[in-house]
Amino acid sequence: MAPVSEIANLIEAHQSAEELLRQADAALYKAKEAGREQYCFYTSELTEAALIRLNTEASLREAIVNNELSVYLQPQIDVLTGDVIGAEALLRWHKAAGFISPDEFIPVAEQSGLIHPIGEWVMDQVCCVGQDWMAKGYAPIRLAVNLSSYQLRHGKVIEMIEDKLNHYQYPANLLEVELTESALMRREDEAELILQQLQKMGVSLAIDDFGTGYSSLAYLRNFPLNVLKIDKSFIDELETCTEDREITAAIIAMGHTLGLKILAEGVETQQQLELLRDLGCDFYQGYLTSPAVAVDEFEQRFMKPMASPQGLEPRSGP
Ligand code: C2E
Ligand code: CA
Ligand code: CA
């Protein structure tokens with residue numbers, strides 16, 4: 001029989017082996033975050049970060065069961081006419097303790113694989129709302145859904161989108177998929193294939209956060225894109241920073257040459273909007289018009305009945 005001291009040693013060895021694996025895992029996570037072919041050494045802050053991540057993951061699982069997630073919509077506006085031409089679906093997580101930002105929980109959902117059921121649920125909600133609005137006879141607008149680069153890795157994303165469109169009989173040309181510039185760069189081959197399939201289905205494709213990923217517009221020619229969304233960081237300083245104004249002007253001009261529609265993100269002031277109009281930007285999104293709001297509120301504020309055929313305008317009053 002092994003002496004007690006040896007058992008204690010074994011326990012200690014076992015604990016440190018487990019600890020070592022946990023630490024290696026934390027370092028692996030950090031390295032993965034930095035992109036492909038990276039390495040990272042363990043530090044104690046990584047354990048803290050890993051614990052926070054585990055906690056968030058556990059409450060996110062509960063959130064799904066307890067219906068704490070909802071889809072909000074932010075209007076997308078035509079710069080020239082002021083018409084609402086579309087809406088971006090943005091996830092919201094309301095916990096009893098308060099609101100949790102998608103910037104906090106989307107990365108956790110991505111790392112844990114929860115992004116797949118959550119992404120499918122968002123697509124389901126969006127197609128369901130779109131179909132409901134069509135049935136109510138509103139003038140159609142395009143609904144945009146964010147796709148994570150982790151969803152690209154999952155071979156079933158095309159089938160998932162096809163399924164939802166078929167199930168709700170929602171037209172593919174009223175759906176837009178947003179992929180960030182960095183997601184396109186990280187998963188170039190997968191992304192190209194998936195985007196080609198989506199294009200064949202008639203789904204519109206937008207490149208999100210453009211200008212942050214250091215890709216060139218020439219590189220974008222490889223992808224069948226429809227819309228280019230200029231990142232908010234260029235719009236913020238549009239009034240004061242000549243460089244940002246020149247970059248924005250160049251993105252708009254070159255994007256147009258490639259046959260893309262240009263949307264500016266995060267427009268907060270009338271001056272920014274006027275500058276964007278002068279630069280020939282097509283669409284914008286931002287707090288100037290509205291943040292993302294609940295679906296019912298969006299319907300009341302922004303959905304309009306389909307225009308009647310000419311000459312058949314309903315008369316107002318007797
Ligand atoms: P994003 O796709 O770039 O979305 C735009 C973000 O900017 C949203 O933040 C939106 O609320 C915010 N925004 C819009 N206009 C303004 C403005 O005028 N001023 C300011 N300060 N902010 C503005 P949000 O909703 O917190 O989402 C953050 C990010 O989380 C999104 O960035 C997107 O990457 C991700 N996300 C949100 N919902 C989903 C989803 O359903 N699926 C996936 N994969 N990612 C999502
Ligand atoms: Ca987006
Ligand atoms: Ca964006």
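A quick note: this is a predicted structure, and the numbers were derived from the prediction, not measured.

**Student:** So what exactly am I meant to see when it comes to the site of ligand 1 here?
**Tutor:** Around ligand 1 lies a shell of 20 residues, among which Gln74, Leu91, Arg92, Glu268 and Tyr287 are the nearest. With respect to ligand 1, the side chain of Asp209 contributes an N or O atom lying 3.2 Å from an oxygen atom. One of the side-chain N or O atoms of Glu268 is found 2.5 Å from a nitrogen atom in ligand 1. Against a free-state accessible area of 800 Å², the protein chains account for coverage of 82% of ligand 1. Broken down by secondary-structure element, the contributors of at least two residues to the shell around ligand 1 are β2 (84-95), α3 (102-112) and β6 (204-210). The element best represented in the shell around ligand 1 is β2, accounting for four residues.

**Student:** I'm lost on the environment of Arg245 in this one. Help?
**Tutor:** Note that Arg245 resides in helix α11 (residues 242-257). According to the relative accessible area criterion, Arg245 is partly exposed, its value standing at 26%. Separated by 11 residues in the primary sequence, Arg245 and Phe234 place their C-alpha atoms 7.6 Å from one another. Sequence-distant contacts of Arg245, defined by excluding residues within four places in its chain, comprise Leu238, Glu239, Thr240, Leu275 and Leu279.

**Student:** Quick question: what am I supposed to make of the coordination of the calcium ion (ligand 3) here?
**Tutor:** Reference values for angles at a metal are 109.5 degrees in the four-donor tetrahedral case and 90 or 180 degrees in the six-donor octahedral case. At this site the calcium ion (ligand 3) is bound by Asp208 (OD), Asp209 (OD), Glu265 (OE) and Glu265 (OE), with donor distances of 2.2 to 2.5 Å. Taken in sequence order, the residues that donate to the calcium ion (ligand 3) follow the motif D-D-x55-E. The metal-metal distance between the calcium ion (ligand 3) and the calcium ion (ligand 2) is 4.0 Å, with Asp208 serving as a donor to both. Of this pair, Asp208 sits in strand β6 while Glu265 sits in the loop between β8 (261-264) and α12 (270-278); the two residues are 57 residues apart in sequence, bridging distant segments of the chain. Accessibility assignment for this pair places Asp208 and Glu265 in one class, buried.

Criteria and thresholds
Residues numbered from 1 in each chain as written. Chains lettered and ligands numbered in written order. Predicted model: local features only at pLDDT ≥ 70, side-chain atom pairs only at ≥ 80, totals over all residues. Heavy atoms only, no water. Near = heavy atom within 4 Å. Polar contact = N/O pair within 3.5 Å; in protein donor to acceptor, adjacent residues only side chain to side chain. Areas by Shrake-Rupley, 256 points an atom, 1.4 Å probe, with all protein chains shown as cover. Helix = DSSP H or I, 4+ residues; strand = E, 2+ residues; numbered from the N terminus. Buried < 20%, exposed > 50% of the residue type's maximum accessible area, 1.4 Å probe, protein only. Contact = heavy atoms within 4.5 Å. Donors = N, O, S within 2.8 Å, 3.2 Å for Na, K, Ca; no water.

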